[in-house]
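# Structural features, examined
What follows is the residue order along each chain.
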Amino acid sequence: IGSIGFSPDGKWVVGSDMIGYTLWDLATGREKYKWHYVDSDSEKSVGWSGDSRVLVLPSVENERFGSINGIDVIDVATGKRTAFFPVEIGHASAARISPDGKLLATAGFDCTVRVFDLAAQTNIFNDFAQCALYTTSFSPNGRYLIGGSGGGGALLIYEITSAGGKAKINKLDNPSVTGLELHQIEFTPDGKLAFANCYGAVALWDAISWTTPRQLPNCRGRLSPDGTQVALVRDESPDVIELWNLDELAKTMRQKASR
């Protein structure tokens, strides 16, 4: 399994592997659906709608004269695809639905952050990042969209506003640079902090100022749904899971940065 995640309502868990995705019912522990694709990348990151009724899956579709990279939109109740959003080149690594359920954001090996209108099924924004992207995420209030860059570890930041009832997306001028590959980004529920898994470290941003993040090297972690705790695994002891209070972890990061 390359990645795994819970639905917002806590009823489902979905995992990606070398041949596709599996959805499990947490109450019964049983497999609900399985989707097979031709892409061998097991670390693709899926997205959920806020009501847990829709799942978006980075995918590669077989066709007669080749394959098409894109995002499948899945109705969780039936397991069936309701829409497909293609990308031009290179498979998508991550897909996310905005908090209001209106937008779909993708990032991947096409080196592009893309935003689609889910209802109209139209592409409304593209930004070429010049290097592979591994993650994207919306802030809880839907004001920000971020994309994680592989080369140089730049966190790309976009502000979302509304003009005439339509979403308008503006790229902020100064990306926050970590120097590390960014693989997974999560916001605390209040939107004040952003926590990231990087290649070789975890990082924590002030999601208001977006200044240079605090880092803790040689570990990986995931943020709890309520944003108060972090499950941490260190490279030197991969069989041990440490549970940290987020405030205490932030304090430890500050102390290490000041040395």
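Parameters at a glance
Residues numbered from 1 in each chain as written. Predicted model: local features only at pLDDT ≥ 70, side-chain atom pairs only at ≥ 80, totals over all residues. Heavy atoms only, no water. Helix = DSSP H or I, 4+ residues; strand = E, 2+ residues; numbered from the N terminus. Buried < 20%, exposed > 50% of the residue type's maximum accessible area, 1.4 Å probe, protein only. Pairing = 2+ DSSP bridges. Contact = heavy atoms within 4.5 Å. Axes fitted to C-alpha atoms, helices over the stretch in contact; angles between N-to-C directions.

The subject of this paragraph is unusual backbone geometry. Backbone geometry places S52, a non-glycine residue, at a positive phi of 65 degrees. By secondary structure assignment, the location of S52 is in the loop between β5 (47-48) and β6 (54-63). Located in the positive-phi region is N218, a residue other than glycine, with phi close to 60 degrees. Tracing the backbone shows N218 in the loop between β21 (214-217) and β22 (219-223). Residue classification places N218 among the partly exposed positions, given a relative accessible area of 44%.

A few words on the pairing of strand β15 (residues 154-163). Relative to β15, strand β14 (residues 144-149) is paired through 5 bridges, and the arrangement is antiparallel. Following the sheet pairing, I146 is matched in β15 by I157. Pairing between β15 and strand β16 (residues 166-171): 6 bridges, direction antiparallel. Residue pairing across strands places E159 opposite N170, the latter belonging to β16. The antiparallel pairing of β15 with β16 creates a hairpin that spans 2 residues between the two strands, and G164 there sits at a positive phi of about 65 degrees.

Below, the discussion takes up the environment of V87. Checked against the element boundaries, V87 lands in the loop between β8 (80-86) and β9 (92-97). For V87, a relative accessible area of 7% gives the class buried. Residues V87 and N123, spaced 36 residues apart in sequence, show a C-alpha to C-alpha distance of 9.7 Å.

Once that is clear, we can look at the side chain of S59. With respect to the secondary-structure elements, S59 resides in strand β6. With relative accessibility at 2%, the residue S59 sits in the buried group. Residues contacting S59, with those up to four places away along its chain left out, are Y37, I68, N69, G70, I71, D72 and F84.

Of the pairings in the sheet, the one linking strand β23 (residues 229-234) to strand β24 (residues 237-245) comprises 5 bridges and is antiparallel in character. In the strand pairing of β24, Q229 is matched with N245.

Moving on: the sheet that holds strand β11 (residues 112-117). In spatial order, the strands read β9-β10-β11-β12; together these 4 strands make up an open sheet with antiparallel pairing. Each edge of the sheet is formed by a strand with only one pairing partner; in this case those strands are β9 and β12 (122-128). When the angles between neighbouring strand axes are averaged without regard to direction, this sheet yields 20 degrees. In the sheet, β9 pairs with strand β10 (residues 103-108) via 5 bridges, with the strands oriented antiparallel.

The quantities given are spatial measurements derived from coordinates; they are silent on function.
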